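# Analysis of the macromolecular model
Next come the chains, spelled out residue by residue.
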Amino acid sequence: MSAQQESTAVAIARAHVQAWSNHDFDTARSALAPDIRVTAVTTQPAPPPTDLTGADDYMTGLTQFAQGIVPGSLHILAATGDDHNALLMLTVQAHFGTAEVTLPGARLYLLDDNNKIKTEHVVFYAVQE
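Residues numbered from 1 in each chain as written. Predicted model: local features only at pLDDT ≥ 70, side-chain atom pairs only at ≥ 80, totals over all residues. Heavy atoms only, no water.

## Observations regarding the packing of aromatic side chains
Short version of the rule: Between the rings of Phe, Tyr and Trp (Trp by its six-membered ring), a pair exists once the centres lie within 6.5 Å; its type follows the angle of the planes, with under 30 degrees stacked, over 60 edge-to-face, and the other angles tilted.
Evaluated as defined, the whole model comprises two aromatic pairs. Put simply, the rings of Trp20, Phe65 and Phe96 touch in pairs and so form one group of aromatic residues.

## Here we look at the pairing of strand β4 (residues 85-96)
Note the following rule: If DSSP finds at least two bridges between two strands, the strands pair. The helix count covers DSSP runs of H or I at least four residues long, the strand count covers runs of E at least two residues long, and both are numbered beginning at the N terminus.
Pairing analysis gives six bridges linking strand β3 (residues 75-81) to β4, with the strands arranged antiparallel. For alanine 79, the partnering residue across the bridge sits in β4 and is leucine 88. What sits between the antiparallel neighbours β3 and β4 is a turn of three residues. Direction of pairing for β4 relative to strand β5 (residues 99-111): antiparallel, over a ladder of 12 bridges. Looking across to β5, one finds that glutamine 93 is bridged to threonine 102. The turn linking β4 back onto β5 is made up of two residues, and glycine 97 within it adopts a positive phi angle of 65°.

## Looking at the environment of isoleucine 12
Just so we agree on the cut-off: Buried residues are those whose accessible area, probed at 1.4 Å on protein chains only, stays under 20% of the maximum for their type, while exposed residues exceed 50% and partly exposed ones sit between those limits. Any two residues having at least one pair of non-hydrogen atoms within 4.5 Å are treated as being in contact.
The topology assignment puts isoleucine 12 in helix α1 (residues 8-21). Given the relative accessible area of 19%, isoleucine 12 is considered buried. Note: C-alpha distance between isoleucine 12 and leucine 111 (99 residues apart in sequence) is 8.8 Å. Among residues more than four places away in sequence, those in contact with isoleucine 12 are Leu111, Asn115 and Ile117.

Below, the structure is given as structure tokens:
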């Protein structure tokens, strides 16, 4: 199957990041498989790598992280995928304490047979404004 900019997986991934980046956590959660696994890494000293399994743990971590995201700041730079895989490259603006940062990153998704996000891998870094 060929990659497409607006495949099923890309549409679901886009809707998911739009939801959490606008603090709509109920919609973000509705895209998740119950046994979702998420990993997140950065080359910077903080935060530590993330490796969580399960929708409850995922949403706890996502909510803590996304509280600092400026609603409406999501910018999707590129997106490609097929029926089950999506790769988004994006930026969001964030306020963490007194720091204002841009967070460029890539998010790789795998959907299950019910079109729910089963796997998400995140790579990012922070650029201080």
